[in-house]
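Next come the chains, spelled out residue by residue.
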Amino acid sequence: MDRSTIAAVATPIGRGGIGIIRMSGSESLAVATKIFRPGTLRAKDANLASKRRPPVTMRSHQMLYGHIVDPSGSSVVDEVMLVAMKAPRSYTREDVVEIHSHSGPAILHETLSLILRLGPR
């Protein structure tokens, strides 16, 4: 059985205000901490946020407010809500992270691309 971490857009294409990207697997939490910045963040502060990374405490089944940030370019991708579901209390019985973002196809594509560059398939 393949145990690699996977990621995909979990909401259907079409009208809607929220788009969800779901990661499942042992690297889900580590990947999320690389692209998620908790709390408020102005676009002009994105570069500072990449250098002064506040510790992210992801408690299982607790929503966090923050931003998805491109770690290579330090640009803010979107304002999001993030929830981690630690194994075995998840859909897949593995660590799962859901990113609840705006539903625009460009934002979902950019966020998923960031995740895939960090290792998940």
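Residues numbered from 1 in each chain as written. Predicted model: local features only at pLDDT ≥ 70, side-chain atom pairs only at ≥ 80, totals over all residues. Heavy atoms only, no water.

A. Spatial organisation of the sheet that holds strand 3 (residues 36–38). Here we have six strands laid out as an open sheet, ordered 1-2-6-5-4-3, and antiparallel in their pairing. Where the open sheet ends on each side, the last strands, each with one partner, are strand 1 (6–9) and strand 3. With direction set aside, neighbouring strand axes in the sheet form an average angle of 30 degrees. Strand direction decides the pairing type here: strand 5 (residues 76–85) and strand 6 (residues 96–102), joined by five bridges, are antiparallel. When the sheet's bridge partners are listed, L82 is paired in strand 6 with I99. Contacts from helix 1 (residues 28–35) reach strand 2 (18–24), strand 3, strand 4 (63–69), strand 5 and strand 6 within the one sheet, and its direction differs from that of strand 3 by about 70 degrees. In the packing of helix 3 (residues 105–117) onto the sheet, the strands contacted are strand 1, strand 2, strand 4, strand 5 and strand 6, and the crossing angle to strand 2 comes to about 15 degrees. (Pairing = 2+ DSSP bridges. Helix = DSSP H or I, 4+ residues; strand = E, 2+ residues; numbered from the N terminus. Axes fitted to C-alpha atoms, helices over the stretch in contact; angles between N-to-C directions. Contact = heavy atoms within 4.5 Å.)

B. Here's a closer look at the layout of surface pockets. One number sums up the size of the largest pocket: a volume of about 170 Å³. Around the largest pocket sit V9, T11, P12, I13, G14, R15, G16, I18, S103, P105 and L108, which together line it. By residue class, the composition of the lining of the largest pocket is six nonpolar, four polar and one charged. (1 Å grid on protein atoms, 1.4 Å probe; cavity = no way out; pocket = protein on both sides within 12 Å on 5 of 7 lines; lining within 4 Å. Points joined across faces, edges and corners; volume = space filled by probe spheres on them. Nonpolar A, V, L, I, M, F, W, Y, C, P; charged D, E, K, R; others polar.)

C. Inspection of the pattern of salt bridges at higher detail. Enumeration over the complete set of coordinates arrives at two salt bridges. The partner of E98 in a salt bridge is R22, and the shortest N-O contact between them spans 2.7 Å. Placement of E98 in strand 6 and of R22 in strand 2 is noted, with a sequence separation of 76 residues between them. For E98, a relative accessible area of 5% translates into the label buried. R22 sits in the partly exposed class, given a relative accessible area of 31%. A salt bridge links R117 to D70; the nearest nitrogen and oxygen atoms lie 3.8 Å apart. You can see R117 sitting in helix 3 and its partner D70 sitting in the loop between strand 4 and strand 5, a full 47 residues away along the chain. (Salt bridge = Lys/Arg side-chain N within 4 Å of Asp/Glu carboxyl O. Buried < 20%, exposed > 50% of the residue type's maximum accessible area, 1.4 Å probe, protein only.)

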